Amino acid sequence: IAWAFSIWGLIYSLVGSFVIYQALPESWVSAGWFGSARNDELIFNSIGFAFLINMISQIIWFPAFAAENTAGYIISSMDIVVMLVSALYMMYQSTRNEVNGWEWTFIRAGITIYSGWLTTATILNFTVSLKYFGFTELSWATEEQIAIAILYVAAFIYNLASYLELNPLFGAVFIWVIIGIRAKIMDERSEL
């Protein structure tokens, strides 16, 4: 279900736009068609360091996960937690600061969608890693039952975070994930 991963196009477009926006000179973004002044405190002080850590973590994650070996799964699992925590921190900061329309789009919406997708990616990273290490079934639960339990936990996480942060866009990412999972199941098990 490649279309489910097309969300990365949206994420990278918004995050890339943020990178361009924050790099523009202050005189360009202080007024005019950008609306109100750019929130430099948010961009450079509140989330700047977290953004840098997140981008470095992205560079580390893919080759580690793609290695499909013990060291790779351990490194990717630790690294994706760093990515998720830094993204959630940026989302948290963006919802607690005043932003103009561009910042709402590039930072608040972009980082929220990114954080939501990273939440799923973190769960997936850990389940793939656990499967690699042989944790496919428990004595009291099949792999399918474990997968269903993981989905319930994910639903709880998404709903709780959406509620606490008053951020329905975060929860909307889970809807995208569930639609993708359902489509994959329907493709693979058409008898259902």
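Residues numbered from 1 in each chain as written. Predicted model: local features only at pLDDT ≥ 70, side-chain atom pairs only at ≥ 80, totals over all residues. Heavy atoms only, no water.

Observations regarding the nonpolar core
Moving on, step 1. The biggest cluster of nonpolar side chains holds 36 residues, and the ones touching the most others in it are Ile11, Phe18, Met90, Ile107, Leu118 and Val173.
Moving on, step 2. Here this core takes eight residues from helix α6 (residues 101-132), the largest share from any one element.
Moving on, step 3. Leu118 has contacts with Asn54, Ile80, Met83, Leu84 and Ala87, leaving out every residue within four places of it along the chain. (Core = buried A, V, L, I, M, F, W, Y, C linked by side-chain atoms within 4.5 Å. Buried < 20%, exposed > 50% of the residue type's maximum accessible area, 1.4 Å probe, protein only. Helix = DSSP H or I, 4+ residues; strand = E, 2+ residues; numbered from the N terminus. Contact = heavy atoms within 4.5 Å.)

So, the packing of aromatic side chains
Moving on, step 1. Within this structure, the stated rule accounts for 14 aromatic pairs.
Moving on, step 2. Relative to Tyr12, the ring of Trp8 lies with its centre 5.1 Å away and its plane at 25°, an arrangement referred to as stacked. Here Trp8 and its partner Tyr12 are both found in helix α1 (residues 7-23), four residues apart, which amounts to about one turn of the helix.
Moving on, step 3. A relative accessible area of 43% means that Tyr12 is categorised as partly exposed.
Moving on, step 4. Ring centres of Trp102 and Phe106 lie 5.6 Å apart, and the angle between their planes is 35°; on these two criteria the pair is classed as tilted. With Trp102 and Phe106 both in helix α6 and four residues apart, the pair spans about one turn of that helix.
Moving on, step 5. Site record: aromatic cluster; members linked through ring pairs are Trp61, Phe62, Phe65, Tyr73, Tyr132 and Phe133. (Phe/Tyr/Trp six-rings, centres within 6.5 Å; stacked < 30°, edge-to-face > 60°.)

Topic: the side chain of Thr112
Moving on, step 1. With respect to the helices and strands, Thr112 occurs in helix α6.
Moving on, step 2. Excluding residues that lie within four positions of it along the chain, Thr112 makes contacts with Met91, Ile107, Asn167, Leu169 and Phe170.

Regarding the side chain of Arg38
Moving on, step 1. Examined against the element boundaries, Arg38 turns out to sit in the loop between α2 (26-29) and α3 (40-46).
Moving on, step 2. Overall, Arg38 belongs to the buried group, its relative accessible area being 8%.
Moving on, step 3. Among the polar contacts listed, one links the side chain of Arg38 to the backbone oxygen of Gln22, at a separation of 3.4 Å.
Moving on, step 4. Within the structure, Arg38 has its side chain in polar contact with the side chain of Asp40 (distance 2.5 Å). (Polar contact = N/O pair within 3.5 Å; in protein donor to acceptor, adjacent residues only side chain to side chain.)

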